[in-house]
Amino acid sequence: MYRFTGTNQICGYQGDTGGVAFRAAEDGLQPQQDDLLLFTVARPRGGIVIQKVIAPQEGVYRVPIVHGDTRDLMPGEYVFEARLALGAKTNAQGQITGMRELDTKKSGGRFVVKEVKGRI
């Protein structure tokens, strides 16, 4: 199962499911439905391997990690970041195309994929 193992690390096994959550409320402000989280996992030297756009649910951004996200990733360390696009605009594919403001919540976090022997 993928989950936070520290303040800046997400860890799990190839193909496992799970998820992580980010709270966005600061100074009593609650995120609006058009305040979207852009969650990105990339190789250390670049190259995005996972990217998701997440809307808030009751003030929390819940990022699901599904089997297909990590089953084909090589074991090792990747980097993740979570950025808030406030007042975001999206296209038909759900990609963020514009925003009023951009706020980086986490950057340079470790996303660790551990090896499994039995493949499903």
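See above for the structure.
Residues numbered from 1 in each chain as written. Predicted model: local features only at pLDDT ≥ 70, side-chain atom pairs only at ≥ 80, totals over all residues. Heavy atoms only, no water.

**Let's talk about the packing of aromatic side chains**
- What the rule picks out here adds up to two aromatic pairs.
- Taking 6.2 Å as the distance between ring centres and 45° as the angle between the ring planes, the aromatic pair formed by Phe22 and Phe39 counts as tilted. Here Phe22, found in strand E3 (residues 18-23), pairs with Phe39, found in strand E4 (residues 36-42); they are 17 residues apart in sequence, far enough to count as distant. When sorted by exposure, Phe22 lands in the same class as Phe39, which is buried.
- Note on Phe39 and Phe80: the rings are 5.9 Å apart at their centroids and 35° apart in plane angle, and the pair reads as tilted. You can see Phe39 sitting in strand E4 and its partner Phe80 sitting in strand E7 (residues 76-86), a full 41 residues away along the chain.
- With a relative accessible area of 0%, Phe39 lands in the buried category.
- In this structure an aromatic cluster arises from ring pairing among Phe22, Phe39 and Phe80. (Phe/Tyr/Trp six-rings, centres within 6.5 Å; stacked < 30°, edge-to-face > 60°. Helix = DSSP H or I, 4+ residues; strand = E, 2+ residues; numbered from the N terminus. Buried < 20%, exposed > 50% of the residue type's maximum accessible area, 1.4 Å probe, protein only.)

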